[in-house]
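Secondary and tertiary structure notes
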Amino acid sequence: MNPYLEISMKKRIDRTLEKLQKNNMGAHYVNTRAEALSLIKDLLEEGNTVTHGGSVTLQEIGVPALLKEGPYNYLDRSREGITPEEIEQLYRDTFSADVFLTSTNAITENGELYNVDGNGNRVSALIFGPKKVIVVAGYNKLVHNINDAVQRIKLIAAPPNCERLSRNTPCAVTGRCASTEKPDAYLCDGCASSDRICCSYVITAAQRVPGRIQVILVGESLGY
């Protein structure tokens, strides 16, 4: 990263970490994905029941391999031969897990997490259930406010995710949410496709249980 951009970004990150802490969330900054993986390992305990949402970020930093190889009870949603029925049960078992790992679609400088989900299992676990939630995000997901977070999903995150998941949606074709063509579009506006992945919209403005959510911001671009 250009050194002057890095200085500017670090100031934004510092503000965000401060606001996350005020919102009762743990807040950490690391420079690299390797450091992020090491910190995750420190936040886990031997014997923990752990699982995670579908996340390119977690794949990029090596979380699935860590959980498979470590001394944990890993609820593996990607294990070979798993059936749709077993996946659905795993989603339900997630609520009683010790730790749930996920990324986030956007983090605001006000210390808010903004997420849009298709099935709803990821945002459900973020809100309630697992004793601890570890959120990992690259600096590319940092935005000024919720309005910017909404636009980030519609223009940056949703289109490549639909491509990755082979969804038949307008954004997979055009590279932007159909609602961006509407002058009066609102937060939840989207397409009418049966493959739509933008179904549940969740803003985590604060955490009632102090420290239940631990946010790790990484000084690398990760995920979408």
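Residues numbered from 1 in each chain as written. Predicted model: local features only at pLDDT ≥ 70, side-chain atom pairs only at ≥ 80, totals over all residues. Heavy atoms only, no water.

Section: unusual backbone geometry
Not every positive phi belongs to a glycine, and Asn24 is a case in point at roughly 70°. Within the secondary structure layout, Asn24 lies in the loop between α1 (3-22) and β1 (26-30). For Asn24, a relative accessible area of 32% puts it in the partly exposed group. Backbone geometry places Ser166, a non-glycine residue, at a positive phi of 55°. Among the structural elements, Ser166 can be located in the loop between α7 (146-164) and α8 (170-174). The exposure class of Ser166 is exposed, given its relative accessible area of 64%. (Helix = DSSP H or I, 4+ residues; strand = E, 2+ residues; numbered from the N terminus. Buried < 20%, exposed > 50% of the residue type's maximum accessible area, 1.4 Å probe, protein only.)

Thoughts on the environment of Asp189
With respect to the helices and strands, Asp189 occurs in the loop between α8 and β9 (200-204). Residue classification places Asp189 among the buried positions, given a relative accessible area of 13%. In this structure the C-alpha to C-alpha distance between Asp189 and Ile40, which are 149 residues apart in sequence, comes to 35 Å. If we ignore the near neighbours within four places in the chain, the residues touching Asp189 are Lys154, Cys177, Ser179, Lys182, Asp184, Arg196 and Tyr201. (Contact = heavy atoms within 4.5 Å.)

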